[in-house]
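Structure assessment
Residue-level listing of the chains:
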Amino acid sequence: MIEIIHPGIMSIVVDGGRYGYREVGIPTSPALDLYALSSLNHLLGNEGNAPAIEAFGEKFSLRFVKDVCCAITGAKVRASLEGRPLQSWMSFTARAGEILTVDEVREGFRYYVGFSGSPVIEKIIGSYTTNLECRFGGYRGRALQKGDRIDLEDIRRVDVKRIAEDFIPRMTPPHTLRVVEGPENNYFTDESLAEFLGGRGRTAFTVSTKLNRTGIRLDGKPLAFRTDAEESIISEGLLPGSIQVPGDGLPIIQLHERTLGGYARPALIAKADHDLLAHLKPGDVVIFEMIGMEEAERLFDRKI
Amino acid sequence: MNISRYGEEGIRILFGEKIDLEIHEKVRRYYFFLKSLQLKEITDIIPSFRSCLIIFERKRTSYEALAASLRDKEFLIAHIDIPESKTHDVPVEYGGESGFDIDFVASHTGLSEDEIVEIHTSVTYKVFAVGFMPGFPYLGILDQRLHVPRLETPRLKVPEGSVGLAQLQTGIYPFESPAGWRIIGRTKKKLFDYNKEPYSIFQIGDKVRFIRA
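Numbering of residues starts from 1 in each chain and follows the order in which that chain's sequence is written. The order in which chains are written sets their letters, starting at A; the order in which ligands are written sets their numbers, starting at 1. Predicted model: local features are reported for residues with pLDDT of at least 70 only, side-chain atom pairs are reported and counted for 80 or more only, and whole-chain, interface and lining totals are derived from all residues. With hydrogens and water stripped out, all remaining heavy atoms of the structure feed into the side-chain values.

On to the packing of aromatic side chains. Centre distance within 6.5 Å is the pairing criterion for rings of Phe, Tyr and Trp, where only the six-membered ring of Trp is used; planes under 30 degrees apart are then read as stacked, over 60 as edge-to-face, and the remainder as tilted. What the rule picks out here adds up to 24 aromatic pairs over all chains. Seen from their ring centres, B:F49 and B:Y138 are 5.7 Å apart, and the 85° between their planes marks the pair as edge-to-face. On the criterion of sequence distance, the pair formed by B:F49 in the loop between β3 (42–47) and β4 (51–56) and B:Y138 in strand β7 (residues 137–140) is long-range, its members being 89 residues apart. Throughout, exposure labels follow a simple rule: accessible area from a 1.4 Å probe, protein chains only, divided by the maximum for the residue type, with under 20% read as buried, over 50% as exposed, and the rest as partly exposed. The class of B:F49 is buried, set by a relative accessible area of 1%. Judged by its relative accessible area of 7%, B:Y138 falls in the buried class. A network of ring pairs unites the aromatic residues B:F49, B:F128, B:F132, B:F136, B:Y138, B:Y173 and B:W181 as a single cluster. Taking the ring centre of A:F56 as reference, the NZ or CZ of A:R110 above it sits at 5.7 Å. The criterion is that NZ of a Lys, or CZ of an Arg, lies within 6 Å of the ring centre and within 35 degrees of the ring normal, and then a charge sits over that ring. Between the NZ or CZ atom of B:R182 and the centre of the ring of B:F104, over which it lies, the distance is 3.8 Å. Secondary structure is summarised from DSSP: a helix means a run of H or I of at least four residues, a strand means a run of E of at least two, and numbering begins at the N terminus for each.

Here it is as structure tokens:
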């Protein structure tokens, strides 16, 4: 059992996602950084997509009610267990009564806290992950609060391990996000597309404060629609990572909470860079770089 | 039928360029055809007005292999059983606090509240798509006389069960949620239940009749 003492700015229970029901609008809602989630579970001897806590912000803190192994991955944080300093991306053993606190987020945005045991929570529509908007899944369909207690079963002892530095991704801005062509790239002027995808040092966007698990709105030079193009499309199936551009021309990176969309999509983030989207925070600079589908596949296949 | 690629794991199949019952029927047939194949490499299918989006696993197949296999099996479409579509009656309390935009719709269209309700309840709608949020039905085709624009700035919250209009569509919000459609009423009917299958009472191709409560 663990007890939440402070939820940070926000923390929720996530897993690999809820698949197979997008036909009736049920989004996948997975951990935004799936590499961090699978590394976490690897450290703890769990199955790769086992549930964990996704959090952001400082002061996240919990008390261990039983002895258990624990680890933090994702954003690089400075944490402490009863005052003893801890690093992220390595496991550690906690004793009953000890308190873990995340003191500082040094690089990246979202971090993942997991345990060498299974959280006792209800599976909803095949998954443990939280759908915050519709309030189901996860811990009672909501973000964690002070005093929430999560029981753990099948607690196993595992050896303390760390993920080698080479396998920890870099999360510092400026972020270069590789993209592939989207279905409506011909809705925009050539000049505007060239600027949008201009690559290093040319056009940059800034992550705005309008950012949540549904999408990330960017500020910068608006994209220009061609004069003969509509500013919206007939709503249709939307892939996570799609860049949608509404009438004001400012791109929104769509994450995993919407199954249909009605805005033009000039490009989508290559799957290999989806995990990085978890670490975009307000003010970060973003540069897009267009790559071909073959390269995108190669990068993604190397990751899985 | 036009097959194209959308991202590493998507296949987009287009059946036409507009909102149209015939085009939509092709989408629906193709959706049930895909379901009948029960392919493990397909994780999700998202049918909508004029397209089916297929999401597949790169670990199990490639775009080229899956697209080719779908083309090979296409002839089967004529031989599969398409389930009968269900008809749902949805009682709605129109106007007042439940339908707080009905005055806007009246002034925009020049119709009285009674005329709006009369027109809205006189059509049997088709469920063109379910999505954006769990269980939300995109219903059409709305009578031209009720054509209203979306809100320029969506509201942060409308209550569960709100019935809205946008352009030639009408829809129902299964959850309290942000909304850009014009709200003319509210239903108490439960549209989505995460505890039991089918989670959404609506499925693509179903029919919906609104009844004044």
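What follows covers the side chain of A:E184. Examined against the element boundaries, A:E184 turns out to sit in the loop between β12 (175–181) and α2 (190–196). Accessibility expressed as a relative area gives 2% for A:E184, which makes it buried.

Turning to the pairing of strand β6 (residues 124–130) of chain B, a few remarks are in order. Working note: regular strand, side chains alternate between the two faces of the sheet. All names here are of chain B. When you tally the buried positions in β6, you get six out of seven residues, the bulk of the element. Strand pairing is assigned whenever DSSP detects at least two bridges linking the two strands. The pairing of β6 with strand β13 (residues 207–212) spans three bridges and is antiparallel. Bridge pairing in β13 places T124 opposite R209. The pairing of β6 with β7 spans four bridges and is classified as antiparallel. Across the sheet, residue K126 finds its bridge partner in β7, namely G140. Connecting β6 to the next strand, β7, in antiparallel fashion are six residues, including F132 with a positive phi near 75°.

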